[in-house]
Number of protein chains: 2
Amino acid sequence: MASEFERISSLNAIFGAPPAAVSLGIGDDAAIIDLGALEPHAGHLVWTIDACVEGVHFRREWLGWEDVGWRSLMAAASDLAAMAATPIGVLCAVALPDDVGDEALEAIARGQAAAAASLSTAIVGGNLSRGSELSISTTLLGACGRAVPRTGAQPGDLLILAGPVGLAAAGVRLLQQAVHHDEPDASAAVQAWRRPIARIADGVRLGAIATAQIDISDGLAQDASHIASASRVRIDLDADAIVGSELRAVCDRFGLDALQLALSGGEDYAVLATAASVPEGAMVIGRCSAGEGVWVGGATRVDQLGHDHFRGKP
Amino acid sequence: MASEFERISSLNAIFGAPPAAVSLGIGDDAAIIDLGALEPHAGHLVWTIDACVEGVHFRREWLGWEDVGWRSLMAAASDLAAMAATPIGVLCAVALPDDVGDEALEAIARGQAAAAASLSTAIVGGNLSRGSELSISTTLLGACGRAVPRTGAQPGDLLILAGPVGLAAAGVRLLQQAVHHDEPDASAAVQAWRRPIARIADGVRLGAIATAQIDISDGLAQDASHIASASRVRIDLDADAIVGSELRAVCDRFGLDALQLALSGGEDYAVLATAASVPEGAMVIGRCSAGEGVWVGGATRVDQLGHDHFRGKP
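Caption draft 1: Focus on the packing of aromatic side chains. Tallied over the full model, the rule gives two aromatic pairs over all chains. Between Trp62(A) and Trp193(A), the aromatic rings sit 5.7 Å apart at their centres with planes inclined by 75 degrees, giving edge-to-face as the arrangement. Separated by 131 residues along the polypeptide, Trp62(A) in the loop between strand E3 (44-53) and helix H2 (65-82) and Trp193(A) in helix H5 (residues 187-194) bring together distant segments of the chain. When sorted by exposure, Trp62(A) lands in the same class as Trp193(A), which is buried. Positioned over the ring face of Trp193(B) is Arg71(B), at 4.2 Å from the centre of the ring.

Here you go:
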């Protein structure tokens, strides 16, 4: 097995050159970001950390090592989309058990690097240590003119969704059952879970008009409830609008409950925004009014649906 | 056991109000930093992540939960001292095994909060998940006028050390032996390991004149070798100067090798700088010349001494 320094050297080659605003990356005590190199309209930095732990967020038999790296990066990057920010750079801390060797680590790094590159950013540093389980903590720094919090939704605002909900959760169900996931009809759902995409461009586009914004990591019902409670509004969801055609097809084929998955399934990383007006092409899935809670069909309250990492296993 | 959201609420109370430059902290998707609120002389951001994993970086029986929180934060903050930066804020991702309950988590948070407050900063967000082992990943963002890398040391520069080296490693030896660590003569060493201090003020003060700078996390010999190789110089250390009086006393009392600990003992988080001139009161421990490697007594090369988390257990 390679030493810590040999491993860092090989990861450095995989991660490549740092983005323009980062003047020093891997190989010193910390990354350096030149404030003068940030885009002129950037008034704020947005900063987040997210963890991906084997046995909690994924099982090794459900995906490849590159998928592990890709997912860990996208899950963290999605918080920037929620705030309408674009990434400046990424740091990650990886704890490696003895049975994850150099080849697996490099595959994880390739997945991270590919995900970062697809968001026009790069990994600029990190930390490697041993651990009894594989865990990847990823922190991203982003820039934006105006960060969009959860607190600004107003009665009368419309609810806009960018990206599918429930599809990744359908993929997990198929992987858990371990019988259908190789069938062609399952691939959209399984791929949605293995290779999620942080919707940075949607976040920035919607953020320009949004009164509140969030990403869907714990499930639409639960994440909408964060906007409802932070903004002190009631949110009504349109059951027909939130079930996308891909979700409908896979659920029909394999006997899953599409509406339940659309409401409670996490890890799709769609972006949910509230706004007084709707940009062309946007998908409206509900509206805000005076009151509290998240409701479907006008009479069913659904705030409590969703995922709590302390309560459920993947 | 409390839910994820109940836990975050109680942690929020422990972590308190965010620093001035942070306009939104715990409770949204990400922390927001107002670039206009940074100090006028700040031209660069410095950004680091560090992990603290049970069984790798500490054993539960060696320290209290507040110490675990304190150490994890200081170890990460020390990288800012290395770069001559002052902290803007802190994020942490904590993975909790089932046998670490709410009281333990809150004690860890109190230790983190106390460490952050002592550095005039605060924890402004993070992530909680389950895990089979306790791990804390900590990321800090700092600001500085000029970040000091490892690459600028010149032949003729003097080596300046701020803080003790070897004392924390002596503390670990006493804790490992589990026989002496409660004796009064052992307390300076045990405390150096349980409650290290990131030397932010020293880092900034030395950084104003330093040609290269680093913090001592893996041992003086190994961290000095990073400067030597990055700057392409030879470094000669003065054996008498690097063994401090506290280290000498505890080693004499308990039969430990003071010079070996001073050279290879990590986790004291002293700051090592190279500079052409020496500020008043600074401790000179060696000098740079043309050549390569780190040497003691002119004839013994010591680069290879030190700690590799993949090779050794704590």
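Caption draft 2: Expanded view of the sheet that holds strand E12 (residues 294-296) of chain A. Residues and elements named next belong to chain A. The mixed open sheet is built from seven strands, whose spatial order is E8-E10-E7-E11-E9-E12-E13. What marks the edges here is a single partner per strand, and that holds for strand E8 (212-215) and strand E13 (300-301). Examined bridge by bridge, E12 and E13 share two bridges and lie antiparallel to one another. When the sheet's bridge partners are listed, Val296 is paired in E13 with Thr300.

Caption draft 3: How the structure looks around the domain arrangement of chain A. All names here are of chain A. Taken domain by domain, chain A holds domain 1 (4-144) and domain 2 (158-301). The straight-line distance from the C-alpha centre of domain 1 to that of domain 2 is 26 Å. Counting residues at the interface gives 21 residues for domain 1, matched by 20 residues for domain 2. Each partner contributes to the roughly 1800 Å² buried at the junction of domain 1 and domain 2, and carbon and sulfur atoms together form 61% of this total. Here domain 1 is connected to domain 2 by two salt bridges. Among the salt bridges present, the one from Arg195 reaches Asp67, with a minimum N-O distance of 2.7 Å. Across the contact surface, domain 1 and domain 2 share eight residue pairs in polar contact (both at pLDDT 80 or more). Of all the elements in the fold, those that place two or more residues in the side of domain 1 that touches domain 2 are H2 and strand E4 (86-96). It is H2 that contributes the most residues to the side of domain 1 that touches domain 2, twelve residues altogether.

Caption draft 4: Region of interest: the sheet that holds strand E13 (residues 300-301) of chain B. Residue and element names in this part refer to chain B. One open sheet accounts for seven strands, arranged E8-E10-E7-E11-E9-E12-E13; its pairing is mixed. Looking at which strands have only one partner, the edges of the open sheet turn out to be strand E8 (212-215) and E13. The strands that helix H7 (residues 220-231) touches are E8, strand E9 (234-237), strand E10 (271-275), strand E11 (283-289) and strand E12 (294-296); relative to E8, the one it contacts most, it runs at about 150 degrees.

Reading guide: rules and limits
- Residues numbered from 1 in each chain as written.
- Chains lettered and ligands numbered in written order.
- Predicted model: local features only at pLDDT ≥ 70, side-chain atom pairs only at ≥ 80, totals over all residues.
- Heavy atoms only, no water.
- Phe/Tyr/Trp six-rings, centres within 6.5 Å; stacked < 30°, edge-to-face > 60°.
- Helix = DSSP H or I, 4+ residues; strand = E, 2+ residues; numbered from the N terminus.
- Buried < 20%, exposed > 50% of the residue type's maximum accessible area, 1.4 Å probe, protein only.
- Lys NZ or Arg CZ within 6 Å of the ring centre and 35° of its normal.
- Pairing = 2+ DSSP bridges.
- Domains from an automatic or database assignment.
- Contact = heavy atoms within 4.5 Å.
- Buried area = accessible area lost by both parts, 1.4 Å probe.
- Salt bridge = Lys/Arg side-chain N within 4 Å of Asp/Glu carboxyl O.
- Polar contact = N/O pair within 3.5 Å; in protein donor to acceptor, adjacent residues only side chain to side chain.
- Axes fitted to C-alpha atoms, helices over the stretch in contact; angles between N-to-C directions.

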